[in-house]
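Chain by chain, the residues run as shown.
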Amino acid sequence: MKGIAVGVILAVVGVILWLTTKEVQTPVVSLHKVGLVLAVVGAAEALFALFGAGKKARK
């Protein structure tokens with residue numbers, strides 16, 4: 001359950017960054033793109049944790 005929670009939190013923070021920082025300019029990386037990457041990674045982590053929990057429940 002911890003992996004699912006971490007994935008969901010990462011995805012939510014990523015979506016918030018992605019939606020709110022389009023006009024923010026930083027010298028190294030764009031916060032808009034970092035938010036998108038965090039959202040994708042968070043969703044992937046939540047899905048993998050969910051599938052892992054499903055496999056444990058079947059055994």
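Everything that follows concerns the structure shown earlier in this document.
Below, the structure is looked at part by part. Bear in mind the structure is a predicted one, so any value in this text is a computation, not a measurement. (Residues numbered from 1 in each chain as written. Predicted model: local features only at pLDDT ≥ 70, side-chain atom pairs only at ≥ 80, totals over all residues. Heavy atoms only, no water.)

As for the overall build of the protein chain
Then, in step 1: Per the secondary structure count, the protein chain includes two helices and zero strands.
Then, in step 2: Relative to the 2.2 N^0.38 estimate, which gives 10 Å for 59 residues, the radius of gyration of the protein chain is 14 Å and therefore markedly larger than a compact globule would have.
Then, in step 3: Considering the protein chain as a whole, with its 59 residues, one finds that 17% of them fall into the buried category.
Then, in step 4: The contacts in the protein chain between residues at least 6 apart in sequence include a share of 64% that link residues at least 24 apart.
Then, in step 5: Only carbon and sulfur atoms are counted for the fraction: they give 75% of the accessible area of the protein chain, which is about 4700 Å². (Helix = DSSP H or I, 4+ residues; strand = E, 2+ residues; numbered from the N terminus. Rg over C-alpha atoms; globule rule 2.2 N^0.38 Å. Buried < 20%, exposed > 50% of the residue type's maximum accessible area, 1.4 Å probe, protein only. Contact = heavy atoms within 4.5 Å. Areas by Shrake-Rupley, 256 points an atom, 1.4 Å probe, with all protein chains shown as cover.)

Quick word on a nonpolar patch on the surface
Then, in step 1: On the surface, a cluster of nonpolar side chains totalling about 450 Å² of accessible area is made up of Val15, Trp18, Leu19, Leu36 and Val40.
Then, in step 2: Counting only elements with at least two residues in the nonpolar patch, the list comes to helix H1 (2-20) and helix H2 (31-58).
Then, in step 3: Here the nonpolar patch takes three residues from H1, the largest share from any one element.
Then, in step 4: Within the secondary structure, valine 15 is located in helix H1. (Patch = residues over 30% accessible without salt bridge, like charges linked within 9 Å, V, L, I, M, F, W, Y side chains within 5 Å. Salt bridge = Lys/Arg side-chain N within 4 Å of Asp/Glu carboxyl O.)

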